[in-house]
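Working through the structure, step by step
Here are the chains, one letter per residue:
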Amino acid sequence: MITPVLLCGGSGTRLWPLSRKSYPKQFTELVGAESLFQASARRFASDGFAAPLVVTGDAFRFIVTKQLDGIGLTAGGVLIEPDGRNTAPAAIAAALHIAAQDPDGLMLLAPSDHAMEDTEGFVRAIELGRAAALDGRIVTFGIQPDRPETGYGWLEAGEVTHEGVKALNRFLEKPDLGAATELLADSNNLWNAGIFLARASTLIEAFKTHAPRIHDTVAAALGASRKDLDFIRIDEALWAGVPEDSIDFAVMEKADNVSVVPYDGPWTDLGSWQAVWSETVKDSHGNGLSLGATAIDCENSLLRSEDEGIELVGIGLRNMVAIAMKDAVMVADMSDSQNVKTAVSALKKKGASQAVQLPVDHRPWGWYETLILSDRFQVKRIHVHPGAALSLQSHVHRSEHWIVVSGTAKVTVDDDVKLLTENQSVYIPLGAVHRMENPGKVPMVLIEVQTGAYLGEDDIIRYEDVYARG
């Protein structure tokens, strides 16, 4: 069996404003009805694969389990990184975790934010790489290029070593256009997909040889990990000493036992809005449009309204990207879409919350969004999943009114417990110990009106919490 290791701790800033640190691109429905993470998990849910091991951050642990449950899958384990340190620490943490159960177990290290239409074709490519991996090779997968791409790293393949597998001569950094054009002319040059197949023990030995400090510090942090509900929480203090590096730089470019399987199916890492445009269904003029977008005399442009209340209209646009959300709008030339992360950095410097935070804040029990925020009052819409419950809590600085819009709410206010249905409301005095639950089988939605001197999310004293938050 091959254990898929799904890496999903990245922030996806190149697809801002839709993808932000609070809810990055791997969890969004970017090019289909499922999120990229769900599509990745489903891709490796066939015979021959074990349940996936997920490596993610603390903020995403419940999103991961909720999204897997949404497609009928369960994780074989969820490792929580205290903070992201690039792909090398995540990879060796996964290898050490798998090796504790089966040192020679095969693992497939895969990002969770790629789009790959031909699942059967890629699974066949993985099967081609199995023999080389069992022989102690680290197998990567090279995408057959169809253009002189400057946004990807490249691989140079060598002689055939196993059926369908070639030796990897070298990794090539992201080239300029002239160099990419030259690379495209040689069929041995492939795009680097950043996906690796190996025995856990093989990967561990590679780290011991080429990145011993990363191996040793991660091993110590993982050894001091603790169980938190169904998650494995890596020790935060020891993790702070882990060097930050990519698996390519730390290990793969130095190792002499790396092979490559060429893959000629459709693939993209969706690393820019131009890549999203390429994967989007287009009209007769080459425009990719969302339901809330209208194009007039436009060509080869991507227009997306990500809010049902916003109509986005483009007039006379050529090769443009326009993304409209409730709290932010991004407009760029298609050729500059790789530079969106520069805009995110600029927003961070000016202290704009839009740089990292979506209008909708996802929580284990559901989500909420702020409708109005002003001096001494705030209005929120709160969505609670069926069977979910907020923590038993109180506030020092604010009182609250709850009005049920749909569904049924079980409400606790000090010693009083009652059910509220549509159009009913309750007042939560300042300092009262309270909780809301959804005992029903359909989502519960309510409007919350907060009043007080301070309305920050850190004004919460928790007494009980089914999600074991602090």
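Residues numbered from 1 in each chain as written. Predicted model: local features only at pLDDT ≥ 70, side-chain atom pairs only at ≥ 80, totals over all residues. Heavy atoms only, no water.

For clarity, the cut-off: UniProt positions are given in the numbering used here, feature names are shortened, and annotations may be inferred rather than shown by experiment.
The name an unreviewed UniProt entry assigns to the protein chain is mannose-1-phosphate guanylyltransferase, from the organism Roseisalinus antarcticus. On record in UniProt, under Sequence similarities (unreviewed entry), the comment for the protein chain is "Belongs to the mannose-6-phosphate isomerase type 2 family." Entered under Catalytic activity (unreviewed entry) in the UniProt record, the comment concerning the protein chain runs "alpha-D-mannose 1-phosphate + GTP + H(+) = GDP-alpha-D-mannose + diphosphate".

**What to know about the UniProt feature "domain: Mannose-6-phosphate isomerase type II C-terminal" (unreviewed entry) in the protein chain**
Formally: Going along the chain from the N terminus, every DSSP run of H or I of four or more residues is numbered as a helix, and every run of E of two or more is numbered as a strand.
Cross-referencing UniProt, the feature "domain: Mannose-6-phosphate isomerase type II C-terminal" (unreviewed entry) maps to residues 362-465 in the present numbering. Between the end C-alpha atoms of residues 362-465 there is a gap of 16 Å, over a span that is 0% helix and 60% strand.

**Thoughts on the packing of aromatic side chains**
Note the following rule: Side-chain rings of Phe, Tyr and Trp, where Trp is taken by its six-membered ring, are said to pair if the distance between their centres is within 6.5 Å; with planes under 30 degrees apart they count as stacked, over 60 as edge-to-face, and otherwise as tilted. Relative accessibility thresholds used throughout: buried, under 20% of the residue-type maximum; exposed, over 50%; partly exposed, between the two (1.4 Å probe, protein chains only). The rule is short: NZ of Lys or CZ of Arg within 6 Å of the ring centre and within 35 degrees of the ring normal puts a charge over the ring.
Under the counting rule described, the total for this entry stands at 13 aromatic pairs. Pairing Phe27 with Phe37 gives two aromatic rings, centres 5.8 Å apart and planes at 65°, and the pair type is edge-to-face. Taken together, the residues span a long stretch of sequence, with Phe27 in the loop between β1 (2-7) and α1 (36-43) and Phe37 in helix α1 at a distance of ten residues. Classification of Phe37 by relative accessible area gives buried; the value is 0%. Relative to Trp191, the ring of Tyr152 lies with its centre 5.0 Å away and its plane at 70°, an arrangement referred to as edge-to-face. Of this pair, Tyr152 sits in the loop between β5 (138-143) and β6 (154-162) while Trp191 sits in strand β8 (residues 189-199); the two residues are 39 residues apart in sequence, bridging distant segments of the chain. Just as Tyr152 is buried, Trp191 falls in that class too. An aromatic cluster is present here, built from Phe44, Phe49, Phe122, Phe141 and Tyr263 joined pairwise through their rings. When the ring centre of Trp277 is taken as reference, the NZ or CZ atom of Lys282 above it lies at 4.8 Å. The ring of Tyr368 is capped by Lys380, whose NZ or CZ atom sits 4.0 Å from the centre of that ring.

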